[in-house]
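Observations on chain architecture
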Amino acid sequence: MHLYAISDLHVGHAANLEAVNRLPSYPNDWLIVAGDIAESDQLMKVCFSILTKRFAKVFWTPGNHDLWTIPTSTNKKRGVAKYEHIVELAREYGVVTPEDEYVLWPDESNPALIAPIFIGYDYSFRPDDVAERDVLKWAEEEGIVAADEVFLHPDPYATRGDWCAARCQITEKRLQSAAQQAPLIIVNHYPLCQEHAKLPRVPRFTPWCGTRRTQRWHLRFRPLAIVHGHLHIRGQRIKDDIPFNEVSLGYPRQWKVERGVADYLRPILTMGVPSTPILS
């Protein structure tokens, strides 16, 4: 029995949806999906339906694309209301969300609680000499403007930073309690550490990539592993002896479609095998 992880399926792209639909069956295994499935409710449903038929259990946390309110969508919910709506869609298919109880990995010799969390970002992943009020201007100097500025709304919060702060406060309490029960597998869409949010091709995209509030969470909660996506740069980094796994699939140009999605599933846990870093 394995626990696999992937993110950024972006099934709004036909090649990605077709590839997800060709996934073989893993009837005994669990799957983490760390956000960015699709922008529309219909595609979210399609993907949840496919994945829950392929895997014994599926976990999901939202990415920014999942929470977009786009003009062509029939669902005009925004911000928290959109998030809560997608949570309910996920639950209809039995998908575990950040609003549900953390689930215990059923390995008595190596127990772990799988903790999908939803944090967001607050523009604090920026250089120290760039003030928050200037961060969008700083990014625009190199032609970087995230589509979130148009499609991702924080309602009823005044700002995305306010929403992020509220989510951090809620999540810290839950993780603190859970970490006393069993080791954690923490799953978020965004990287938890600022130094991991490095995008060589678009270095000034970092303000939309996380929050410094989570910078030391791996030391506070000492998880077995951290899983995230968002960057579309697959790989693993070890920090303070903890593996940080970026598990994005990405847009069709960013992965080899002919290999199929199965080749991009990252193993996080295996039944009967102690958790150790898997270097790649």
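Our structure is the block above this text.
Notes on the structure follow.

How each quantity is defined
Residues numbered from 1 in each chain as written. Predicted model: local features only at pLDDT ≥ 70, side-chain atom pairs only at ≥ 80, totals over all residues. Heavy atoms only, no water. Pairing = 2+ DSSP bridges. Helix = DSSP H or I, 4+ residues; strand = E, 2+ residues; numbered from the N terminus. Axes fitted to C-alpha atoms, helices over the stretch in contact; angles between N-to-C directions. Contact = heavy atoms within 4.5 Å. 1 Å grid on protein atoms, 1.4 Å probe; cavity = no way out; pocket = protein on both sides within 12 Å on 5 of 7 lines; lining within 4 Å. Points joined across faces, edges and corners; volume = space filled by probe spheres on them. Nonpolar A, V, L, I, M, F, W, Y, C, P; charged D, E, K, R; others polar. Parallel < 35°, antiparallel > 145°, perpendicular 65-115°, else oblique. Left-handed = near helix turned anticlockwise from the far one by under 90°. Buried < 20%, exposed > 50% of the residue type's maximum accessible area, 1.4 Å probe, protein only. Expected span 1.5 Å × (residues − 1). Disulfide = S-S within 2.5 Å.

Turning our eyes to something else, we now look at the sheet that holds strand 4 (residues 103–105). With mixed pairing, 6 strands are arranged side by side in an open sheet as 4-5-6-7-9-8. What marks the edges here is a single partner per strand, and that holds for strand 4 and strand 8 (235–239). The average undirected angle you get between the axes of adjacent strands in this sheet is 25°. The strands that helix 6 (residues 160–179) touches are strand 5 (112–116) and strand 6 (184–187); relative to strand 6, the one it contacts most, it runs at about 160°.

Across a sheet, strands are paired by hydrogen bonds formed along the backbone, either parallel or antiparallel in direction. As summarised here, the arrangement of the 4 strands in space is 3-2-1-10, forming an open sheet in which the pairing is mixed. The open sheet has two edge strands with one neighbour each: strand 3 (55–60) and strand 10 (266–270). Across this sheet, the average inter-strand angle for adjacent strands is 25°, counted without regard to direction. Sheet analysis places strand 1 (residues 2–6) next to strand 2 (residues 26–33), joined by 4 bridges and oriented parallel. Residue Tyr4 lies in a different strand from strand 2, and its bridge partner there is Leu31. The sheet contacts of helix 2 (residues 41–54) involve strand 2 and strand 3, and relative to strand 3 the element is tilted by about 140°.

Turning our eyes to something else, we now look at empty space enclosed by the protein. Enumeration according to the criterion identifies 2 cavities of 30 Å³ or more in this entry. Counted as a void, the largest cavity has a volume near 110 Å³. Partitioning the lining of the largest cavity into residue classes produces 8 nonpolar, 2 polar and 2 charged.

What follows is about the packing of helix 1 (residues 14–21) against helix 2. In the contact formed by helix 1 and helix 2, the axes pass within 10 Å of each other and the chain directions differ by 25°. With respect to their mutual orientation, helix 1 and helix 2 come out roughly parallel. In this structure, the crossing between helix 1 and helix 2 has a hand that is left-handed. Between helix 1, through Leu17, Val20 and Asn21, and helix 2, the contact on the second element is made entirely by Leu43, Val46, Cys47, Ile50, Leu51 and Arg54. Grouping the constituent residues of the contact of helix 1 with helix 2 by class yields 7 nonpolar, 1 polar and 1 charged.

Further remarks concern the environment of Trp217. For Trp217, the position within the fold is in helix 7 (residues 217–221). On the basis of relative accessible area, Trp217 is assigned to the buried category, the value being 2%. Each C-alpha atom, one on Trp217 and one on Cys193, is 8.7 Å from the other, the two residues being 24 residues apart in sequence. In this view, Trp217 contacts Ile117, Ile119, Cys168, Thr171, Glu172, Leu175 and Arg222; residues no more than four positions away in its chain are not counted.

Our focus in this paragraph is the environment of Gly229. On the secondary structure map, Gly229 appears in the loop between strand 7 (225–228) and strand 8. Among the residues examined, Gly229 registers a relative accessible area of 0% and is labelled buried. Considered as a pair, Gly229 and Pro106 are 123 residues apart in the sequence and their alpha carbons are 25 Å apart.

An α-helical turn contains 3.6 residues, so a residue and the one three or four places further along point in the same direction. End to end, helix 2 covers 20 Å across 14 residues, agreeing with the expected 20 Å (1.5 Å per residue, within 8%). Taken together, the buried positions of helix 2 are Asp41, Met44, Cys47, Phe48, Ser49, Ile50, Leu51 and Arg54. Its buried side turned inward, helix 2 meets helix 1, strand 2, strand 3 and helix 3 (79–92).

Below, the discussion takes up the state of the cysteines. With the rule as written, the count across this model stands at 0 disulfides. Here Cys168 stays unpaired: no disulfide links it, and the sulfur of Cys164, its closest cysteine neighbor, is 4.1 Å away. A relative accessible area of 2% places Cys168 in the buried class. Left unpaired, Cys193 is separated from the closest cysteine sulfur, that of Cys168, by 13 Å. You can call Cys193 buried: its relative accessible area is 1%.

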